[in-house]
Amino acid sequence: MISVSEAISYEHATGPDLYALCQQASKVRDEYWGKQLTYSKKVFIPLTNMCRDSCGYCTFVQAPDSPHANYMTPEQVLNTAREGAALDCKEALFSLGERPEERHQKARDLLHSLGYNNTLDYLHDQCESVLSETSLLPHVNAGALSYNELKQLKPVAASMGMMLENISNELLKKGQAHHACPDKTPKRRLDTLEQAGRLDIAFTTGILIGIGESWEERVRSLIAIRDRHLSYGHIQEVIIQNFRAKAGTAMESYQEPNLHDMKRTIAIARLILPNEISIQAPPNLEVEYGSYINAGINDWGGISPLTKDFINPERAWPQISSVTQACEGLGYTLGERLTIYGRFQRQDNKYLTSNLSQRVASLVSHLTRPSQPLITLVNH
Ligand SMILES: O=c1nc2n(C[C@H](O)[C@H](O)[C@H](O)CO)c3cc(O)ccc3cc-2c(=O)[nH]1
Ligand SMILES: C[C@H]1O[C@@H](n2cnc3c(N)ncnc32)[C@H](O)[C@@H]1O
Ligand code: SF4
């Protein structure tokens, strides 16, 4: 494992130094994960786009006076899930704004008309409905949650997630990405990781890069994730996500991270985090996403044949056949996985309630196998 000071020393690595770093990370990936990359075939369910936070980079959030500010109805949720199931999707990704009812009257009114006082109760029931009415497995990405909230959701979600974003307190200051965002304080985000660990929830997290943090803060954020995992063993994947500047946001003119920065961060993540944690980077936020492979990723995250990426709606998903080609060109195969990784799926284990465990087991047999048989060269 790489030391903190060595990781920090790679801040400006380019040329041969960056190449060597990526080679080292790829070797570690190949030894643990082999020559197969994965993705999860999913539908996106943006349950509500209202939020009490206002992150400087976000276009997902809608102000309450916007005609687009809404909650999806139970019918819309089920229709999306059913259409996804018909297209062979296995995951329903619930992604939503945080506690909008604590700030906006409109959110309270809409929730009341749906019969609820609280977004997370509504989320719980919509996950339950997807579970009982379709074959999809819910994955919940609802931001920072308390112990009791996570506990309430665990029986209706196969896995959950929340991007740590970054542990930098500097980002909370005026003019910075997380100013006046109560759910983006490093304290609340780290506490969510901790509570998910106590509850044995297979958990996805990650860092958003290029939002005003320093390289050292990026490294320290990865170490903070590693430390929570070393206590509980519950982190299944870490997403390295590149900030994309969006028109109309506070950060519309902010510099986006470049490909070198992404590769450097992916490679450092692979070397900092324990091998069993999957390293994921999205293929729709970078034209040259194929070069993430040689930096050490083993997963592309969710890809949808039906719904757009509502968080980055201007960035279309590549065709799955294109991702397959990118993998094969570098000697890798592409295979489908479930939202909960294999390591957490064993029957009767602590990560899944028994009904979820059965659902997971039956879906495993329907996964699309890798694109082509692996040809192994044997050295005598
Ligand atoms: O399509 C997206 N999927 C996102 N996903 C879903 C991801 O692509 C996978 O579907 C799941 O992680 C399942 O492994 C997230 C999941 C999390 O738990 C936390 C953050 C994200 C962020 C995104 C995102 O920006 N866009
Ligand atoms: C769900 C996740 O989406 C990410 N997210 C939100 N806005 C952007 C953006 N402009 N660019 C890239 N990622 C973004 C955040 O990391 C959030 O936690
Ligand atoms: S990124 Fe999440 S928490 Fe921040 S404003 Fe958007 S929806 Fe809210």
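Residues numbered from 1 in each chain as written. Chains lettered and ligands numbered in written order. Predicted model: local features only at pLDDT ≥ 70, side-chain atom pairs only at ≥ 80, totals over all residues. Heavy atoms only, no water.

A. Spotlight on the pairing of strand S5 (residues 203-209). For S5, a buried count of 7 out of 7 residues is recorded, marking the element as mostly surrounded by other parts of the structure. Alternating positions in S5 separate into two faces, Phe 203, Thr 205, Ile 207 and Ile 209 on one and Thr 204, Gly 206 and Leu 208 on the other, with burial throughout. As judged from the 2 bridges shared by strand S4 (residues 159-161) and S5, these two strands associate in the parallel manner. The residue bridging Met 160 from the neighbouring strand is Phe 203, located in S5. (Buried < 20%, exposed > 50% of the residue type's maximum accessible area, 1.4 Å probe, protein only. Helix = DSSP H or I, 4+ residues; strand = E, 2+ residues; numbered from the N terminus. Pairing = 2+ DSSP bridges.)

B. Geometry of the pattern of salt bridges. Across all of its chains, the model carries 27 salt bridges by this definition. Here Arg 29 ties to Asp 30 by a salt bridge, and the two come within 2.8 Å at their closest N and O atoms. By relative accessible area, Arg 29 is classed as buried at 1%. Residue Asp 30 is classed as partly exposed on the basis of its relative accessible area, which comes to 24%. Here Lys 350 and Asp 200 are joined by a salt bridge, their closest N and O atoms 3.6 Å apart. On the criterion of sequence distance, the pair formed by Lys 350 in the loop between strand S9 (333-336) and helix H11 (354-364) and Asp 200 in the loop between helix H7 (186-198) and S5 is long-range, its members being 150 residues apart. (Salt bridge = Lys/Arg side-chain N within 4 Å of Asp/Glu carboxyl O.)

C. View of the site of ligand 1. The immediate surroundings of ligand 1 are formed by 22 residues, with Lys 42, Glu 91, His 139, Glu 237 and Gly 302 found nearest. In this structure, an oxygen atom belonging to ligand 1 sits 2.7 Å away from a side-chain N or O atom of His 139. A distance of 2.8 Å separates an oxygen atom of ligand 1 from a polar backbone atom of Gly 302. If you list the elements that add at least two residues to the shell around ligand 1, you get strand S1 (36-45), strand S2 (91-95), strand S3 (137-141), strand S6 (235-242) and strand S8 (299-303). (Near = heavy atom within 4 Å. Polar contact = N/O pair within 3.5 Å; in protein donor to acceptor, adjacent residues only side chain to side chain.)

D. Region of interest: H11. All of the buried residues in H11 are Leu 356, Ser 357, Val 360 and Leu 363. Within H11, the buried residues cover an arc of 130 degrees as seen down the axis, which keeps them to one side. The outward face of H11, more than 90 degrees from its buried face, is lined by the exposed residues Ser 354 and Gln 358. Buried positions along H11 lie against helix H5 (119-133) and S3. (Arc of directions from axis to C-beta. Contact = heavy atoms within 4.5 Å.)

E. Here's a closer look at empty space enclosed by the protein. Tallying each qualifying case throughout the model produces 2 cavities of 30 Å³ or more. If you add up the space inside the second largest cavity, you get close to 50 Å³. Split into classes, the residues belonging to the lining of the second largest cavity amount to 5 nonpolar, 2 polar and 2 charged. (1 Å grid on protein atoms, 1.4 Å probe; cavity = no way out; pocket = protein on both sides within 12 Å on 5 of 7 lines; lining within 4 Å. Points joined across faces, edges and corners; volume = space filled by probe spheres on them. Nonpolar A, V, L, I, M, F, W, Y, C, P; charged D, E, K, R; others polar.)

F. Just the site of ligand 3, in detail. What surrounds ligand 3 is the set Cys 51, Asp 53, Ser 54, Cys 55, Cys 58, Phe 60, Val 61, Gly 97, Glu 98 and Lys 184. Looking at the shell around ligand 3, its residues break down into 5 nonpolar, 2 polar and 3 charged.

G. Fine view of the nonpolar core. In terms of nonpolar packing, the biggest core is built from 98 residues, with Phe 94, Leu 123, Ile 240, Ile 268 and Trp 300 touching the most fellow members. With 8 residues, helix H9 (residues 259-272) is the single largest residue contributor to this core. (Core = buried A, V, L, I, M, F, W, Y, C linked by side-chain atoms within 4.5 Å.)

H. Structural context of the packing of H7 against helix H8 (residues 215-232). Orientation of H7 relative to H8, taken along the N-to-C sense of each, is 20 degrees, at an axis distance of 9 Å. Considering the angle they form, H7 stands roughly parallel to H8. In terms of crossing hand, the pair formed by H7 and H8 is right-handed. Packed against H7, whose contacting residues are Leu 190, Leu 193, Glu 194, Gly 197 and Arg 198, the element H8 presents Ala 224, Ile 225, Arg 228 and Tyr 232 at the interface. Of the residues in the contact of H7 with H8, the class split is 5 nonpolar, 1 polar and 3 charged. (Axes fitted to C-alpha atoms, helices over the stretch in contact; angles between N-to-C directions. Parallel < 35°, antiparallel > 145°, perpendicular 65-115°, else oblique. Left-handed = near helix turned anticlockwise from the far one by under 90°.)

I. Representation of the UniProt feature "domain: Radical SAM core" (unreviewed entry) in the protein within the structure. Residues annotated by UniProt as "domain: Radical SAM core" (unreviewed entry) correspond here to residues 37-284. When the span residues 37-284 is considered, its composition is 36% helix and 16% strand, and the gap between its end C-alpha atoms is 16 Å. (UniProt positions renumbered as here; feature names shortened; annotations may be inferred.)

J. Representation of the environment of Glu 11 within the structure. By secondary structure assignment, the location of Glu 11 is in the loop between helix H1 (4-9) and helix H2 (15-33). The class for Glu 11 is partly exposed, based on a relative accessible area of 34%. Beyond its immediate chain neighbours, meaning those up to four positions away, Glu 11 contacts Trp 215 and Arg 264.

K. The arrangement of the layout of surface pockets in detail. One number sums up the size of the largest pocket: a volume of about 290 Å³. Together, 17 residues line the largest pocket, and Gln 36, Thr 38, Glu 336, Arg 337 and Leu 367 are the ones closest to its centre. Those elements giving two or more residues to the lining of the largest pocket turn out to be S1 and S9. In terms of residue class, the lining of the largest pocket is built from 7 nonpolar, 7 polar and 3 charged. When its volume is computed, the second largest pocket comes out at roughly 150 Å³. Lining the second largest pocket are Pro 46, Thr 48, Asn 49, Thr 59, Phe 60, Gln 62, Asn 70, Lys 308, Phe 310 and Pro 313. Split by residue class, the lining of the second largest pocket holds 4 nonpolar, 5 polar and 1 charged.

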